[in-house]
Amino acid sequence: MLTMCVMDDIKMVVNGIAYQIPWEKHGIQIVGTAEDGQRGLEMIRELRPDIVLTDICMPHLGGCDMIRKMIEEHLPSKVIFMSGFNDFAYAQEAVRLGAFDYLSKPFTPAQVVESVVKVREAIIEESEKATKMRLLEMEILQNRRHQRDDFLRKLLHRAPSVDTEQQWNNWQLHKMLPDYRTLILDAEPGGNKEKSPAKISEHTITALREILEEREEGIVLHDGSQRIVVLIPSSRSLDMEALWQEAAACIEGDGAGPISLGYSTVQEGPAQLAYAYQEADRALGYRFYSSTGGCYSYERTQQTSDIPRYAPEKEKALLYSLRSGNTEQTEYRLDELFLEWMSQSDYCRPELMVQQFKTLCMTVYRTMLEVLEGMPCDGLAERLSDIQGLPLLTFAEWMNRTTEFCSFCCECIRGQQNKEYSRVIHQVKQYIEDHLDSDLTVNSCARAVHLSPSYLANLFKRETSMTLANYVTTLRIEKAKEWLLEGMQVQLISSKLGYEDRPYFSEMFKKHCGMTPSMFRQHYFEQQNAKKR
């Protein structure tokens, strides 16, 4: 729908043209009318109509003078003149000034419609041509940009060739980037290969170009699925933290994880581009210390701190907790070490910090080999191998991996402890069964398995849920029942079970079974005879 204004000093003519013809049917919308040239010009300035249908002779400002004003002010409306003067000079002047058509009064509504529709078709045709031209220009510009970006991407990752300097100048880069900083925006969270970072979309690249290139502040390159490189003239005084936050907001719209920015020192010319890229990449490596992304300068990374250490006593405490298989205590000791590392690791090189974690895990592994003494622990060596081959991760992820490894070691030790406990309890039970006629005490049983009495007493109760004395008594009573039913004399049973005093044995039996040994045997046989009857 195109817009049109109608102007004539005769109101009836204006109303007849503007409101009596069904313009919407022809794709035209009347947006204003005027009865003098000055008001008409103001309306054109305000409404910017596509078409102006005006009388050539108007009060205050004539039609030809009005179109001259429109040309001066670059008002693009197409003008159709109307005139009651059948004067060729008016028509010539109107056409010379750029009028699209000229209608002589009197005219019919059909002639007006015909003239306006011709203007409409011409405007649409011009618009389509202009659109095609813009698209063609954009395509040419895009192709040139792709070629330039391909040239720059190659320079990021390899040394310049003989003709590099010439190509650099051909792309006017010596003017755009007389000297520059290289920035890397990376959406891959911590470099963790186990995670699948979101790919940065072309829509995001376009948005970043609008942030930087439209303000003539840099060149944006898509370098891989989740990495963006930005070349910024060093003359531009940018707040890198603000730029990082603005760019991260764009990239995180693609569902990517934490975004980090690393940037180089100032470099000059094509020969230094790969070096600048390496600087920015090294700076980016310091996101190791953050799980939420950040902004890192290569200059800051040169102020590296020493490798963090911890007191030997803390390592001894950790290994002691590990040997006992105490997961909770082991994790507590690990947290102590990690806190000491964090308090010292202000910009320690990430690869050195990673080596500290790997060394700690190797120390734990060697301790495990000593504790287990050749006993198998499925998966221990494999887990250590996985840790030694892990990528950079982040400081927090390395803490988690180390803690998981130590917790698994505690599980292995507890598993071996449980096996050893079961073996010891089995030996004690066998010793008791073989020595029912002896004076069985905690001391005698502990000597048999080479343990301290208190340790054995606690272990036996923990593993069997009864004291050793109760177990001995229970086992003796069960043996007594068995021998009573076989017909053995009570006196002999008492002797075989280590009870020298028969009345004492009978009292113990009655306490556990509710009847004397003789009554138990008699009751059993009476039940058997009753069943037979």
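One can find the structure itself at the top, above this paragraph.
Cut-offs applied
Residues numbered from 1 in each chain as written. Predicted model: local features only at pLDDT ≥ 70, side-chain atom pairs only at ≥ 80, totals over all residues. Heavy atoms only, no water. Axes fitted to C-alpha atoms, helices over the stretch in contact; angles between N-to-C directions. Helix = DSSP H or I, 4+ residues; strand = E, 2+ residues; numbered from the N terminus. Parallel < 35°, antiparallel > 145°, perpendicular 65-115°, else oblique. Contact = heavy atoms within 4.5 Å. Nonpolar A, V, L, I, M, F, W, Y, C, P; charged D, E, K, R; others polar. Expected span 1.5 Å × (residues − 1). Buried < 20%, exposed > 50% of the residue type's maximum accessible area, 1.4 Å probe, protein only. Arc of directions from axis to C-beta. Salt bridge = Lys/Arg side-chain N within 4 Å of Asp/Glu carboxyl O. Core = buried A, V, L, I, M, F, W, Y, C linked by side-chain atoms within 4.5 Å. Pairing = 2+ DSSP bridges.

*Asks:* Could you clarify how one ought to interpret the packing of helix α14 (residues 350-372) against helix α15 (residues 380-388) in this entry?
*Replies:* Packed helices, taken two at a time, are described by the angle their axes make and the gap between the axes. Here α14 crosses α15 at 170 degrees, and the two axes come no closer than 10 Å. By the criterion of interaxial angle, the relationship of α14 to α15 is roughly antiparallel. Residues Lys 358, Cys 361, Met 362, Tyr 365, Met 368 and Leu 372 of α14 lie in contact with α15, whose contacting residues are Leu 380, Ala 381, Leu 384, Ile 387 and Gln 388. Of the residues belonging to the contact of α14 with α15, the class tally is 9 nonpolar, 1 polar and 1 charged.

*Asks:* Would you mind going over helix α12 (residues 312-323) with me for this structure?
*Replies:* For α12, built from 12 residues, the straight-helix expectation of 16 Å at 1.5 Å per residue is met to within 8% by its first-to-last C-alpha distance of 17 Å. Burial in α12 covers these residues: Leu 318, Leu 319, Ser 321 and Leu 322. Here the buried residues of α12 occupy an arc of 160 degrees about the axis, which is enough to place them on one side. Facing away from the buried side of α12 by more than 90 degrees, the exposed set consists of Pro 312, Glu 313, Lys 316 and Tyr 320. The inward-facing, buried residues of α12 contact α13 (327-344), α14 and α16 (395-434). Positive phi shows up at Gly 325, right after α12, with a value of about 75 degrees.

*Asks:* Looking at this model, I keep getting lost on the pattern of salt bridges. Mind explaining?
*Replies:* Scanning the entire structure with this criterion turns up 19 salt bridges. The salt bridge involving Glu 73 is made with Arg 45; its shortest N-O contact spans 2.6 Å. Pair noted here: Glu 73 is in the loop between α3 (63-72) and β4 (78-83) and Arg 45 is in helix α2 (residues 37-47), with a separation of 28 residues, a long-range link. Assessed through its relative accessible area of 32%, Glu 73 is described here as partly exposed. Classification of Arg 45 as partly exposed rests on a relative accessible area of 34%. A salt bridge links Lys 118 to Asp 101; the nearest nitrogen and oxygen atoms lie 3.8 Å apart.

*Asks:* Sorry, what's going on with the side chain of Thr 473 here?
*Replies:* With respect to the helices and strands, Thr 473 occurs in helix α19 (residues 468-486). Residue Thr 473 is classed as buried on the basis of its relative accessible area of 16%. For Thr 473, the contacting residues outside a window of four places in its chain are Met 508 and His 512.

*Asks:* Before we go on, may I ask you to explain the nonpolar core in this structure?
*Replies:* When a protein is soluble and globular, its nonpolar side chains tend to lie buried together. Of all hydrophobic cores here, the largest spans 34 residues; its most connected members are Leu 322, Phe 357, Leu 380 and Phe 405. Looking at this core, the elements with two or more residues in it are α12, α13, α14, α15 and α16. When residues in this core are grouped by element, the largest group, 10 residues, is from α16. In this structure, Leu 380 is in contact with Tyr 365, Met 368, Leu 372, Phe 405, Phe 408 and Cys 409, ignoring residues within four places of it in sequence.

*Asks:* Explain the pairing of strand β3 (residues 51-55) to me, please; I cannot follow it from the model alone.
*Replies:* Two faces, one strand: in a regular strand the side chains alternate between the faces of the sheet. Counting buried positions along β3 gives 5 out of 5 residues, so the element sits mostly inside the fold. Covered by surrounding structure in β3 are Ile 51, Leu 53 and Asp 55 together with Val 52 and Thr 54, the residues of both alternating faces. With 4 bridges joining them, strand β1 (residues 2-7) and β3 adopt parallel strand pairing. Within the sheet, the bridge partner assigned to Met 4 lies in β3 and is Ile 51.

*Asks:* I tried to follow the sheet that holds strand β2 (residues 28-34) on my own but got confused; where do I start?
*Replies:* In sheet architecture, strand pairing relies on hydrogen bonds along the backbone and comes in two forms, parallel and antiparallel. The strand order across the open sheet built from 5 strands is β2-β1-β3-β4-β5, with neighbouring strands paired in parallel fashion. Unpaired on one side and paired on the other, β2 and β5 (101-104) mark the two borders of the sheet. Neighbour-to-neighbour, the strand axes of this sheet turn through a mean angle of 20 degrees, independent of strand direction. In the packing of helix α1 (residues 11-20) onto the sheet, the strands contacted are β1, β2, β3 and β4, and the crossing angle to β2 comes to about 160 degrees.

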